[in-house]
Amino acid sequence: MHTLAAFFASIPFDQILIQTVNGIVTGMILALVASGLTLIFGIMDVVNFAHGELFMLGAYIGVIVIAATGSFWLALVVSSLTIAILGAALQIVALRPLIGRDPLTTILATFGMSLVLQNFALWQFGPTARRIGEPITANFQLFYLTYPWYRLLIAVLSAAIIGGFWLFLKYGKYGVWIRATTQDRVMAQAMGIPVPLVYTGVFAIGAAMAAASGVLFAPLSGVYHTMGLDWVLRAFIVVVVGGMGNLLGSVAAAIFISLLEAYASLWVSPAQAVIVSFVVLIVTLLVRPTGLFVPTPK
Amino acid sequence: MTATPIDKPMPLKTTKLSHTAVFWIGFAVVMAVLVVAPLVLPEFWRRFLTEILIWGLLAMSSDLLIGYTGMVSFGHSAFFGLGAYGAAGALLNSNPPNLWLAILAGLGGAAGAALFVAYFSTRLRDIYFAITTLIFSQIFYVIIFTWTNVTGGENGLIFSRPHFTIPFLVDMRFTSMTMHWFVLAMVTGSYLILRRVTQSPFGMVLQSIRENEARTRAIGYPVQRYKIVAVMLSGLFAGLAGALYGIQNQFAAPDFVFFVTSGDTVIFNVMGGIGTLVGPIVGAGFFQLLRELLARLFGDQFPYLIPLGLIFIAMIIFLPQGLLGFARRWLNR
């Protein structure tokens, strides 16, 4: 009993609150990355290994545009559009010929892309990290800490992008096309939906979401050529835990995992806190391989 | 009296060698070349060839999963790395360092990792298997990277090469030449074992899982148990490759366990041709030679992975069977 009381006394509640906010902020970014990934998987059966590299290149393009124009918001838009075009090009060149082959070949192809893109970034931008200033420097008081508004803004913007995308899927004409292709691609084709075009479009949208999250996150971490790998790994975990192809499940899983990691890093180093999300993954695979946040399959 | 028409060509009795004979003759020729190679090659290329063999062994071990069982593993770096760290641990803690003990420890380390990975990830198929093996290898990477007291953390472990010993008979220092022969013997042995395994009833079941898992289960084979054994077997040979690589280079670094090693393994497989066992070795050689060529042509700073990645993607699209794909049936007969 005594040790239990001592344990509770040792929990720093103010820090936990701060870590909760932090966890939600990174969780929303992670959700934005993972929703692109889960979208591409759900519709095309493609596990996009290059997703982290699109995230990283998005951040780099953000750096370039900010250096040229000084506007963060312009950078966000330009970077998303550029990476969307890049994504469409990649899909047309490397993935379209693989439609109808074993889905495992698409993993290999996207893995090849990620190699090329990552080394391109290393070659062009060098190994030193770049920094972007936060567009909003105002802070507010959270207990004894001053907490930057920008972090909250990231969470809100990510939520807005995901929400907007969800509405588009639900009500937009092309959103209906995308959902129809997910459900039954042969029938969708029979109804006159240009399925190959939908594939390309979906890949472009997913890429744009990755780029947007890259630019949004860049002020917090700096921009470097291997930043994609960390994110893509965690996004994979999120996508599996949330249920492949399940948008809202990914959002829930992203926040869940980021919160756990944020709490864990109160006690262990952040490098080791990653193990917590690995453990969540293992438990998920053992208990519910279809994902924690999906209804039980009948 | 009728003259025998001498100039009429006699129907020659064509002597067609059996497939087995051709296979073993080819095997002997390749072996002869590899045995003689270190005698004629300069030091740099000798080491280069030895490393190709070790990478080839790693890729060959993963071919048992990719090519024969139909499971793409993106986590072979874990087995490879734990093989190297196991060997390093044995060499640092035994006096005098013993080669065989190091290899045994490497195999033990890899087997432990493989048991863990196999138990969890064989519950899943296809893409999910690939992702979970990748994530498991990252778990081992994080552990090795942060557990500085034991693993040396970022710096890794440095040790000296053990002597080549056979109890009571031989005790000699490795030269780059004898090291090559030792590695060659190990790789050849592994190839013969793996070839035997893939042709055994067990290997047939694995191939049947690749072709149609549901049907294999319906016939009554305990599919998951077969998969677990396949992953463990594959992990053991990857661990052997790791131990050999550690002994060859005299260090074990966290980079061995990092994702890039697994990625290279998959690239070697795809380039050389999956499902052939020798293909991955050819793939490793092809990859390393191209890389060396690019480095010599354009300098060390050249981002060689850009052209290699493009070649890799092109091969997936246009040559999915790999370099040795044309001989796949023949090699497996």
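Residues numbered from 1 in each chain as written. Chains lettered and ligands numbered in written order. Predicted model: local features only at pLDDT ≥ 70, side-chain atom pairs only at ≥ 80, totals over all residues.

Participant: An account of the overall build of chain B is needed here, citing residue identities and associated values.
Facilitator: Secondary structure assignment for chain B yields 14 helices and four strands. When burial is assessed residue by residue, chain B has 44% of its 333 residues classed as buried. When contacts within chain B are restricted to residue pairs at least 6 apart in sequence, long-range pairs at least 24 apart make up 77% of them. (Helix = DSSP H or I, 4+ residues; strand = E, 2+ residues; numbered from the N terminus. Buried ≥ 20, exposed ≤ 12 C-beta atoms within 10 Å, placed from the backbone. Contact = placed C-beta atoms within 7 Å.)

Participant: Describe the overall build of chain A, listing the residues and the values that go with them.
Facilitator: Within chain A, the regular secondary structure consists of twelve helices and two strands. Order of helices (α) and strands (β) in chain A, N terminus to C terminus: α-α-α-α-α-β-β-α-α-α-α-α-α-α. Expected size for 298 residues packed as a compact globule is a radius of gyration near 19 Å; at 20 Å, chain A falls within 12% of this value. Over its C-alpha atoms, taken along the principal directions, chain A stretches across nearly 70 × 55 × 35 Å. Within chain A, the proportion of its 298 residues that are buried is 48%. Considering only residue pairs separated by 6 or more positions, chain A has 74% of its internal contacts joining residues 24 or more positions apart. (Rg over C-alpha atoms; globule rule 2.2 N^0.38 Å.)

Participant: Account for the packing of helix 2 (residues 13–44) of chain A against helix 11 (residues 247–264) of chain A, naming residues and giving values.
Facilitator: All names here are of chain A. Contact geometry of helix 2 with helix 11 gives a least axis separation of 7 Å together with a crossing angle of 145°. Judged by the twist between their axes, the crossing of helix 2 over helix 11 is right-handed. Of the residues in the contact of helix 2 with helix 11, the class split is twelve nonpolar, ten polar and no charged. (Axes fitted to C-alpha atoms, helices over the stretch in contact; angles between N-to-C directions. Left-handed = near helix turned anticlockwise from the far one by under 90°. Nonpolar A, V, L, I, M, F, W, Y, C, P; charged D, E, K, R; others polar.)

Participant: Tell me about the interface of chain A and chain B, and please be specific about residues and values.
Facilitator: Across the boundary between the two partners, chain A contributes 34 residues, which contact 30 residues of chain B. The element that contributes the greatest number of residues to the side of chain A that touches chain B is helix 5 (residues 103–125) of chain A, accounting for 15 residues. Looking at the side of chain A that touches chain B, its residues break down into 29 nonpolar, five polar and no charged.

Participant: I'd like to hear about the packing of helix 2 (residues 43–69) of chain B against helix 12 (residues 278–298) of chain B, residue by residue, with values.
Facilitator: Residue and element names in this part refer to chain B. Direction vectors running N to C along helix 2 and helix 12 enclose 135°, while the axes themselves pass 7 Å from each other. Judged on the interaxial angle alone, helix 12 and helix 2 are oblique. In this structure, the crossing between helix 2 and helix 12 has a hand that is right-handed. On helix 12, the residues that touch Phe 48, Ile 52, Trp 55, Gly 56, Ala 59, Met 60 and Asp 63 of helix 2 are Pro 280, Ile 281, Gly 283, Ala 284, Gly 285 and Gln 288. Looking at the contact of helix 2 with helix 12 residue by residue, the classes come out as eight nonpolar, four polar and one charged. (Parallel < 35°, antiparallel > 145°, perpendicular 65-115°, else oblique.)

Participant: Would you mind going over the confidence of the model for chain A in detail, with residue names and values included?
Facilitator: Parts of the model with low pLDDT should not have their predicted coordinates read in detail. The predicted model of chain A has a mean per-residue pLDDT of 83, with 94% of residues at 70 or higher. When pLDDT is averaged over each helix and strand of chain A, the minimum, 69, is found for helix 1 (residues 2–10) of chain A and the maximum, 90, for helix 4 (residues 72–95) of chain A. (pLDDT = per-residue confidence, 0-100.)

Participant: Please provide a residue-by-residue account of the environment of B:Val257, values included.
Facilitator: Residues and elements named next belong to chain B. With respect to the element layout, Val 257 can be found in the loop between strand 4 (251–252) and helix 11 (259–272). Between the C-alpha atoms of Val 257 and Gln 138, which are 119 residues apart in sequence, the distance is 7.7 Å. Among residues more than four places away in sequence, those in contact with Val 257 are Ser 77, Ala 78, Gly 81, Ser 137, Phe 140, Tyr 141 and Ile 144.

Participant: I'd like to hear about helix 7 (residues 173–183) of chain A, residue by residue, with values.
Facilitator: All names here are of chain A. Residues of helix 7 that are buried include every one of Trp 177, Ile 178 and Thr 181, and no others. In a view along the axis of helix 7, the buried residues occupy a sector of 95°, so they form one face of it. Away from its buried face, by an angle of more than 90 degrees, helix 7 presents the exposed residues Lys 173 and Gln 183. Tucked into the core, helix 7 has its buried residues touching helix 2, helix 6 (149–171), helix 8 (185–190) and helix 9 (195–221). (Arc of directions from axis to C-beta.)

Participant: Could you give an account of the environment of B:Phe159, with specific residues and numbers?
Facilitator: Residues and elements named next belong to chain B. With respect to the element layout, Phe 159 can be found in the loop between strand 1 (157–158) and strand 2 (164–166). C-alpha of Phe 159 to C-alpha of Ser 200: the two residues are 41 residues apart in sequence and 39 Å apart in space. Residues in contact with Phe 159, not counting those within four places in the same chain, are Ala 88, Leu 91, Leu 92 and Gln 250.

Participant: Before we move on, could you go through the confidence of the model for chain B and cite the residues and values that matter?
Facilitator: Confidence along chain B averages 84 in pLDDT terms, with 95% of residues attaining 70 or more. Averaged pLDDT values over the elements of chain B bottom out at 74 in strand 3 (residues 170–172) of chain B and peak at 90 in helix 10 (residues 223–249) of chain B.

Participant: Outline helix 12 (residues 270–287) of chain A, listing residues and values.
Facilitator: Residue and element names in this part refer to chain A. Here helix 12 spans 26 Å end to end across 18 residues, near enough to the 26 Å set by a 1.5 Å rise per residue. Within the span of helix 12, buried status applies to Val 274, Ser 277, Val 280, Leu 281, Thr 284 and Leu 285. Buried residues along helix 12 cover an arc of 135° about the axis, so they all sit on one side. Seen from the open side of helix 12, the exposed residues pointing more than 90 degrees away from its buried face are Val 283, Leu 286 and Val 287. (Expected span 1.5 Å × (residues − 1).)

Participant: Pulling in residues and values, what's your account of the environment of A:Thr146?
Facilitator: By secondary structure assignment, the location of A:Thr146 is in strand 2 (residues 145–148). Apart from the residues within four sequence positions on either side, A:Thr146 is in contact with A:Asn139 and A:Gln141.

Participant: Go over unusual backbone geometry with me, naming the residues and quoting the values.
Facilitator: Residue and element names in this part refer to chain B. The phi torsion at Gln 250 lies on the positive side, around 60°, for a residue other than glycine. Relative to the elements of secondary structure, Gln 250 occurs in the loop between helix 10 and strand 4. At Leu 277, a residue that is not glycine, the phi angle is positive and equals roughly 65°. Relative to the elements of secondary structure, Leu 277 occurs in the loop between helix 11 and helix 12.

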